[in-house]
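Coordinate analysis (summary)
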Amino acid sequence: MLYYSLNHNAPKVSFSEAVIKGLAPDRGLYFPENITPLPNSFFETIDTLDNIEIAFRAIQQFVCDEIPEEELKDILMDVLSFDFPVVDIQDNIGTLELFHGPTMAFKDVGARFMARCLGYFNQHNKNKVTVLVATSGDTGGAVAKGFLGVEGVDVVILYPKGKVSDIQERQLTTLGQNITALEVDGVFDDCQDMVKTAFLDTSITDSVQLTSANSINVARWLPQLLYFLFAYKQVKHKGKEITFSVPSGNFGNICAGIVAKKLGLPVKHFIASTNINDTVVSYLKTKKYEPKPSKATISNAMDVGNPSNFIRIQELFDNNFEVLKEFFSAYSFDDQQTKEAMKSVYDTSGYIADPHGAVGYLGLKEHQLNRTDYGIFLETAHPVKFLDIVEDTLDVTVDIPEQIQSVLDKEKQSIPIDSYQKLKEFLLQ
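Just so it is clear, the structure is predicted and the values come from calculations on it, not from any experiment. (Residues numbered from 1 in each chain as written. Predicted model: local features only at pLDDT ≥ 70, side-chain atom pairs only at ≥ 80, totals over all residues. Heavy atoms only, no water.)

**Some remarks on the pairing of strand 6 (residues 153-160)**
Taken across its eight residues, strand 6 has seven buried, putting it largely inside the fold. In this structure, strand 5 (residues 129-134) lies alongside strand 6, joined through six bridges in parallel fashion. By the bridge assignment for strand 6, Thr-130 is matched with Asp-154. Two strands pair when backbone bridges link them, and strand 6 and strand 7 (residues 179-184) are joined in this way by six bridges, in the parallel orientation. Residue pairing for strand 7: Tyr-159 is matched across the bridge by Glu-183. (Buried < 20%, exposed > 50% of the residue type's maximum accessible area, 1.4 Å probe, protein only. Helix = DSSP H or I, 4+ residues; strand = E, 2+ residues; numbered from the N terminus. Pairing = 2+ DSSP bridges.)

**Side note on the sheet that holds strand 10 (residues 269-274)**
As summarised here, the arrangement of the six strands in space is 3-4-12-9-10-11, forming an open sheet in which the pairing is mixed. One side of each edge strand has no neighbouring strand; the edge strands of this open sheet are strand 3 (86-90) and strand 11 (328-332). Going across the sheet, the axis of each strand differs from the next one's by a mean of 25°, ignoring polarity. Bridge count between strand 10 and strand 11: five bridges; the pairing is parallel. Residue pairing in the sheet places Ser-273 in a bridge with Tyr-331 of strand 11. Docked against the sheet, helix 11 (residues 225-235) engages strand 3, strand 4 (93-97), strand 9 (241-247), strand 10 and strand 12 (373-379), running at close to 140° with respect to strand 9. (Axes fitted to C-alpha atoms, helices over the stretch in contact; angles between N-to-C directions. Contact = heavy atoms within 4.5 Å.)

**Some details on the UniProt feature "domain: Threonine synthase N-terminal" (unreviewed entry) in the protein**
Per the UniProt record, the feature "domain: Threonine synthase N-terminal" (unreviewed entry) sits at residues 3-76. Here residues 3-76 runs as 45% helix and 8% strand, with 22 Å between its end C-alpha atoms. (UniProt positions renumbered as here; feature names shortened; annotations may be inferred.)

**Re the pattern of salt bridges**
All chains considered together, the criterion is met by 14 salt bridges. Ionic pairing is found between Arg-170 and Asp-166, a salt bridge with its closest N-O pair at 3.1 Å. With Arg-170 and Asp-166 both in helix 7 (residues 166-173), this residue pair falls four residues apart, about one helical turn. Note on Asp-166: relative accessible area 46%, which makes it partly exposed. We note a salt bridge from Glu-169 to Lys-412, for which the minimum N-O separation is 2.9 Å. Taken together, the residues span a long stretch of sequence, with Glu-169 in helix 7 and Lys-412 in the loop between helix 19 (402-408) and strand 13 (415-417) at a distance of 243 residues. (Salt bridge = Lys/Arg side-chain N within 4 Å of Asp/Glu carboxyl O.)

**Things to note about helix 13 (residues 279-286)**
For helix 13, the set of buried residues is Thr-279, Val-280, Val-281, Tyr-283 and Leu-284. Turning to helix 13, the residues buried within the fold contact strand 10, helix 14 (310-316), helix 15 (321-327) and strand 11. Phi for Lys-287, located one or two positions after helix 13, is positive at around 70°.

**Notes on the packing of helix 11 against helix 12 (residues 252-262)**
Contact geometry of helix 11 with helix 12 gives a least axis separation of 7 Å together with a crossing angle of 60°. Judged by the inter-axis angle, helix 11 sits oblique to helix 12. Relative to helix 12, helix 11 is oriented so that their crossing is right-handed. Across from Leu-225, Tyr-227, Phe-228 and Leu-229 in helix 11, the residues of helix 12 making contact are Asn-253, Ala-256, Gly-257, Val-259 and Ala-260. (Parallel < 35°, antiparallel > 145°, perpendicular 65-115°, else oblique. Left-handed = near helix turned anticlockwise from the far one by under 90°.)

**Remarks on the sheet that holds strand 8 (residues 209-212)**
Strand pairing within a sheet occurs via backbone hydrogen bonds; the two strands may be parallel or antiparallel. If you walk across this open sheet you meet the five strands as 8-5-6-7-13, and the pairing is parallel. Each edge of the open sheet carries a strand with a single partner, namely strand 8 and strand 13. When strand polarity is set aside, the average angle formed by the axes of neighbouring strands in this sheet is 30°. Taken together, the four bridges between strand 5 and strand 8 define a ladder with parallel strand orientation. Note on strand 8: the bridge partner recorded for Val-129 is Gln-209. Strand contacts of helix 5 (residues 107-121): strand 5, strand 6 and strand 8, with the helix running at about 155° to strand 8, the strand carrying the most contacts.

Set out below in structure tokens:
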């Protein structure tokens, strides 16, 4: 399997090269040269397979022989060591809970998979690799935990000052060891732009081996397709057509779901549910892709004005706008609508959804499912990650799980920066 740049001005590379480089030299995202559908028998018998076998058969073609089969299975056993339950909310709506990992966010799978792949590829390399990552919320904590103590790897996380929740900030600023947090005076898009600029700055890359752990990295992005397979395994017996509604910021998660569809997963439709950062929603209405500055919301992990992975989604649909619209919709909701959805879900089912899951729920409601449909919205983070918002909105007390309790008493350690030059100085020091 080779990977090509979506800017089409860089050499094709292997999986390991794509993981280590992160971003192509022409600033393009890497994309697999082929996606070979799995046999129909795989989906017909998926409910008889365990999650490790499902994951191995789905991900192997993207890794090929660069990681031996037994080693890849060991990596998957380590990465997928927690549950991914679908919980019924209403007769034809359920939620896929992706918060049962170590940092209680969906990004645990991608971050852990990438960390272990990079560790494998770097085991005989005497030179250190620096993982450079921007976060709008949960990515930072998941990457920090996933790479903590990985030999030969330093992690530098950029996050926007005052625009992540207190618990999210603690998860990425309190671990120490090989993890450094840079607190950026700006928004997420500023952080992401700094990261992309650093990758193309030869005055840095000539002396520092950089890679990215954002969903622009294929090893962070592709494993997310596994959630959708695990969900199908659980609801297949319902005999209904499935629509997924995915809370979307950088669009990596929903993009991976579309890869699962390319592998043959029976999915009727995908919904990208966003907050007021509605770049893609506007594009589907106007056919004009016009990035805009991100705006702060209570669903902060989706505060992205120029989602990196949307170009991959377009590629998956052969850059055909009409085909894209047939299988893909996007809807935007503001904070007040999000809070009302949190209340509605809680009042009717007793289920506590975080703001991101609530936006996903709204997407299903807006789309208007048929009786023969089953809608699944992704609950991408535990409600405790947004404690103040959830408790104030629902007038409830949320129990603090052990994974979160362990960081509450630790001291925050971060380095403030206000420009790309400051990032450059830090990386070169």
